[in-house]
Amino acid sequence: MNTRQAILAAADLIEAEPHLYEFIQTTVPENTCGTPACVLGWIAHFAGLPQQSMEEVSHLLFNIDQTEFYTRISTLLGTDYWCAYTVDGHDGDPKLTAKGLRLYADKYYPEEETTCRH
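Just so it is clear, the structure is predicted and the values come from calculations on it, not from any experiment. (Residues numbered from 1 in each chain as written. Predicted model: local features only at pLDDT ≥ 70, side-chain atom pairs only at ≥ 80, totals over all residues. Heavy atoms only, no water.)

Turning our eyes to something else, we now look at the overall build of the protein. The number of helices and strands found in the protein is six helices and two strands. In the protein, the succession of α and β elements from N to C terminus is α-α-α-α-α-β-β-α. Relative to its 118 residues, the protein shows a buried fraction of 40%. Sequence separation of 24 or more characterises 49% of the internal contacts of the protein that already satisfy a separation of 6 or more. (Helix = DSSP H or I, 4+ residues; strand = E, 2+ residues; numbered from the N terminus. Buried < 20%, exposed > 50% of the residue type's maximum accessible area, 1.4 Å probe, protein only. Contact = heavy atoms within 4.5 Å.)

Right, here's the structure in full:
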């Protein structure tokens, strides 16, 4: 699975199974059978990365630190993701998180054109 596909798979999972998303669960889950994880943890899972720090995940996948990753998502969403991820002490809107991931994938890992030219 390439990086774009891993980001989109994480977005789909977070939107479809919001109980599996927890911003502060900084692990790479082994499966999707109930262990919650953060955004980077889910992307790493779908990219097939082993357990490691989220800083390492961000550098391996995106060649940036995790602060820059979330800053980019904040910019794309037009909100401060760092401050908006919790609502009344719970993880924020999974739909907003999924939207941010899809916007990120489209901007930084756009789908390649497959148009045939004769």
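Further notes follow.
One pass over the full model with this rule turns up nine aromatic pairs. Note on phenylalanine 23 and tyrosine 70: the rings are 5.3 Å apart at their centroids and 55° apart in plane angle, and the pair reads as tilted. One end of the pair, phenylalanine 23, is in the loop between helix H1 (3-16) and helix H2 (39-47); the other, tyrosine 70, is in helix H4 (residues 66-77), and 47 residues separate them in sequence. For the residue pair phenylalanine 23 and tyrosine 70, the accessibility class agrees, reading buried in each case. Where phenylalanine 62 meets phenylalanine 69, the ring centres are 4.9 Å apart and the plane angle is 5°; that geometry is what we call stacked. The exposure class assigned to phenylalanine 62 is buried, which follows from its relative accessible area of 7%. Taken together, the ring pairs connect Phe23, Phe62, Phe69, Tyr70, Tyr104, Tyr108 and Tyr109 into an aromatic cluster. (Phe/Tyr/Trp six-rings, centres within 6.5 Å; stacked < 30°, edge-to-face > 60°.)

Let's shift gears to the environment of threonine 97. Looking at the secondary structure, you find threonine 97 in helix H6 (residues 94-108). When the C-alpha positions of threonine 97 and isoleucine 73 are compared, they lie 8.8 Å apart, and in sequence the two are 24 residues distant.

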